[in-house]
Amino acid sequence: MSTQEEVLEKVDTKVDKENEIVLYNDDYNTFDHVIETLIYACDHTPEQAEQCSILVHYKGKCTVKTGDFKDLKPRCSKLLEAGLSAEIV
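Residues numbered from 1 in each chain as written. Predicted model: local features only at pLDDT ≥ 70, side-chain atom pairs only at ≥ 80, totals over all residues. Heavy atoms only, no water.

## Comments concerning the overall build of the protein
Point 1. When helices and strands are counted, the protein shows four helices and three strands.
Point 2. In the protein, the succession of helices and strands from N to C terminus is α-β-α-α-β-α-β.
Point 3. Long-range contacts, defined here as pairs at least 24 residues apart, represent 66% of the contacts in the protein between residues at least 6 apart.
Point 4. Taken as a whole, the protein presents about 6,300 Å² of accessible surface, with 51% of it coming from carbon and sulfur. (Helix = DSSP H or I, 4+ residues; strand = E, 2+ residues; numbered from the N terminus. Contact = heavy atoms within 4.5 Å. Areas by Shrake-Rupley, 256 points an atom, 1.4 Å probe, with all protein chains shown as cover.)

This is the structure:
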């Protein structure tokens, strides 16, 4: 494989990077509300949702879902509609 092929291969893998929904901490929502919303909007198990809510609380933010933008957009909208702070990055 030539150097040029190696460089092109590396560029292609960066283009395929998945999007992420990042959930941010706030002073308004309870742990129970965040957990229930993550289960509903992101198809988390109760354990996943609880772990994410703890990370958000202590770290200030947490990636709660990765994937294609088309899949993440309605999920992020559900989080926002429930009063959570989130964005797709």
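## Some thoughts on the nonpolar core
Buried together is how nonpolar side chains tend to be arranged in soluble globular proteins.
Point 1. One finds Ile21, Leu23, Leu38, Cys42, Val64, Leu79 and Ala86 to be the most contacted residues of the largest nonpolar core, which totals 17 residues.
Point 2. Within the residue set of this core, elements represented by two or more residues are β1 (19-24), α2 (31-42), α3 (46-59), β2 (61-67) and α4 (69-81).
Point 3. With five residues, α2 is the largest single contributor of residues to this core.
Point 4. The contacts of Cys42, once residues within four sequence positions are left out, are Thr37, Val64, Lys65, Arg75 and Leu79. (Core = buried A, V, L, I, M, F, W, Y, C linked by side-chain atoms within 4.5 Å. Buried < 20%, exposed > 50% of the residue type's maximum accessible area, 1.4 Å probe, protein only.)

## What about the environment of Val89?
Point 1. Here Val89 lies in the segment after β3 (85-88).
Point 2. Take Val89: its relative accessible area is 42%, and that puts it in the partly exposed class.
Point 3. Each C-alpha atom, one on Val89 and one on Asn19, is 5.7 Å from the other, the two residues being 70 residues apart in sequence.
Point 4. Excluding its chain neighbours within four sequence positions, the residues that come into contact with Val89 are Asn19, Glu20 and Val22.

Take it as geometry only, folks, not as evidence of what the structure does.
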